[in-house]
Amino acid sequence: FLEGMYLKYNEKAAQKGVYVVGSCGFDSIPADMGVLYTRDKLKGTLTAVESFLSVKSGPEGACIHDGTWKSAVYGLADEDNLRQLRKKIGYAPVPVVGAKLKKRGFLFYNREFKEYSVPFMGSDASVVKRTQRYLHTELQETPVQYGAYVNIGGLGSVIKLMFAGMLFLLLVKFNFGRKLLTKYPEFFSAGRFTKEGPTQKQMDGTSFSMTFFGEGYSEGQDPQSGKPNVKICTEVKGPEPGYVATPIAMVQAAVSLLEDAASLPKRGGVYSPGAAFSKTKLIDRLNRRGVEFSVISKPEV
C-alpha cells in the first residue's frame, strides 16, 4: 500500500505542493525517527543500526484488534506484487557505507536482553530504507544500514511462536487458508488478536521500548576504510503502541506539517516519515507527549 501510493501519487502530489506521509503511527515513527535520532547523537558518521522492540504488558495481558491481523494476512499474501511494484518504481540502489551489516538468522538468542529475538515482520525496515534512499539522493547524506528485530521472550514463547508461525505461513498461501485465518484470528494467534481488541485496563498496563544499537566512524575517520570504531545505544519508549502511541505519533506528525512547514522537503510528494520530518521538531514534540527518545550509552570510541 505505502509503495503503491508512492508510485501512483508522488508526481501529482509534487505538482500540487501536497505532502502525503504514510506510516505515521507505531509503524513506523519510532523506527524511522529513532534511526535519525541515533545518527544525530553520534559524533561522527553513523553507518549501521539494529533496533530491538520489546512490548511489556501488565497483569491483564495484551491483545490487538484483528484489523492488524488482517493486514499481516493480506500483506504476506501480496508479497509477489510488492516485488513487481518495486521494479516499476525503479529504485536507485542505496550504497553500503562502512562495514556491511550482517543479517541475523530467523531466530537467535540476544545476549543484551537475555531473551530470544526474531526479525520484525512489519514495514519498519522498508520504510527506513526509503528514508535513507531519499536523504542520500536528495540531500547527499550518508545512508544508514538498518535491521529491525523484536524480542519474544524465553524458550516457551519460541516454541509457541514457531508453531503458530509455520501454520500461518502455510495457510496464508491459499485463499481457503486466508479465509480461515481472518475468520478465527483468536484461535490462530493463540489469543493475541481478537475481534474486540484490547480492554482499557490492558492498554493502561502495556508499554513499548525500541532499543537502537548503532555503529559508525568517529570524526575524521573515513567510513569507506577500516572497521567501525564508535558505538552508540539509544531508545524510544512510550505507552501501549497500537492505540495510545499511534495516535500521539499521528497527531504530532500532522502538527509538524502545519507548524514546521519551512523545514519540510522543498517540494510536495509521497514521503516516508523520516524523509518528510528529518529537519522538523517532530522528535521534540513526541518527547513532550510521552513518546520519549533518549541516549542510553554515549558514543565510545
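Counting from 1, residues in each chain are numbered in the order their sequence is written. Totals for whole chains, interfaces and linings use all residues, but because this is a predicted model, local features are given only for residues with pLDDT of at least 70 and pairs of side-chain atoms are given and counted only at 80 or more. Only hydrogens and water are removed before side-chain values are computed, so all heavy atoms of the structure are retained for them.

An unreviewed UniProt entry lists the protein under the name SCPDL oxidoreductase, from Mionectes macconnelli.

So what's going on with the side chain of Ser23? Which residues, and what values?
The helix count covers DSSP runs of H or I at least four residues long, the strand count covers runs of E at least two residues long, and both are numbered beginning at the N terminus. Positionally, Ser23 belongs in the loop between β1 (19-21) and α2 (29-41). Setting aside residues no more than four positions away along its own chain, Ser23 makes contact with Leu2, Ser28, Ile29, Val127 and Pro273. The contact criterion used is simple: two residues touch if any of their non-hydrogen atoms lie within 4.5 Å.

I'd like a description of the pairing of strand β2 (residues 44-56), backed by residues and values.
Residues in a regular strand project their side chains so that they alternate between the two faces of the sheet. In this description, strands pair whenever DSSP reports at least two bridges between them. Note that β2 and strand β8 (residues 207-218) share twelve bridges and pair antiparallel. If you follow Leu53 over to β8, its bridge partner there is Met210. Examined bridge by bridge, β2 and strand β6 (residues 145-153) share six bridges and lie parallel to one another. Following the sheet pairing, Ala48 is matched in β6 by Gln145.

Lay out helix α3 (residues 66-77) in plain terms, naming residues and giving numbers.
The end-to-end C-alpha distance of α3 is 16 Å, a good match for the 16 Å that twelve residues give at a rise of 1.5 Å each. Residues of α3 that are buried: Asp66, Trp69 and Val73. Taken end-on, α3 shows its buried residues confined to a sector of 50 degrees, consistent with a single buried face. Elements that come into contact with the buried residues of α3 comprise β3 (64-65), α6 (155-171), α7 (175-183), α8 (185-188) and β7 (193-194). Working rule for helices: expected span equals 1.5 Å times residues minus one. Between buried and exposed lies partly exposed: a residue is buried under 20% and exposed over 50% of the maximum accessible area for its type, with that area taken using a 1.4 Å probe on protein chains only. Here the arc refers to the set of directions running from the helix axis out to each C-beta atom.

Break down the packing of α2 against helix α5 (residues 124-139) for me, citing the residues and quoting the values.
Between the N-to-C directions of two axes lies an angle of 0 to 180 degrees, each axis being a line fitted to C-alpha atoms and, for a helix, fitted only over the stretch in contact. One way to put it is that α2 packs onto α5 with a least axis distance of 9 Å and a crossing angle of 50 degrees. When the interaxial angle is binned, α2 and α5 end up oblique. The handedness of the crossing between α2 and α5 comes out as right-handed. Residue-level contacts link Ala31, Asp32, Val35, Leu36 and Arg39 of α2 to Asp124, Val127, Val128, Thr131, Gln132 and Leu135 of α5. Classifying every residue of the contact of α2 with α5 by side-chain character gives six nonpolar, two polar and three charged. Roughly parallel means an angle under 35 degrees; roughly antiparallel means over 145; roughly perpendicular covers 65 to 115; every other angle is labelled oblique. Working rule for handedness: look at the near helix, and if it is turned counterclockwise from the far one by less than a right angle, call the crossing left-handed; if clockwise, right-handed. Residue polarity is assigned by list, with Asp, Glu, Lys and Arg as charged and Ala, Val, Leu, Ile, Met, Phe, Trp, Tyr, Cys and Pro as nonpolar; anything else, Gly included, falls into the polar class.

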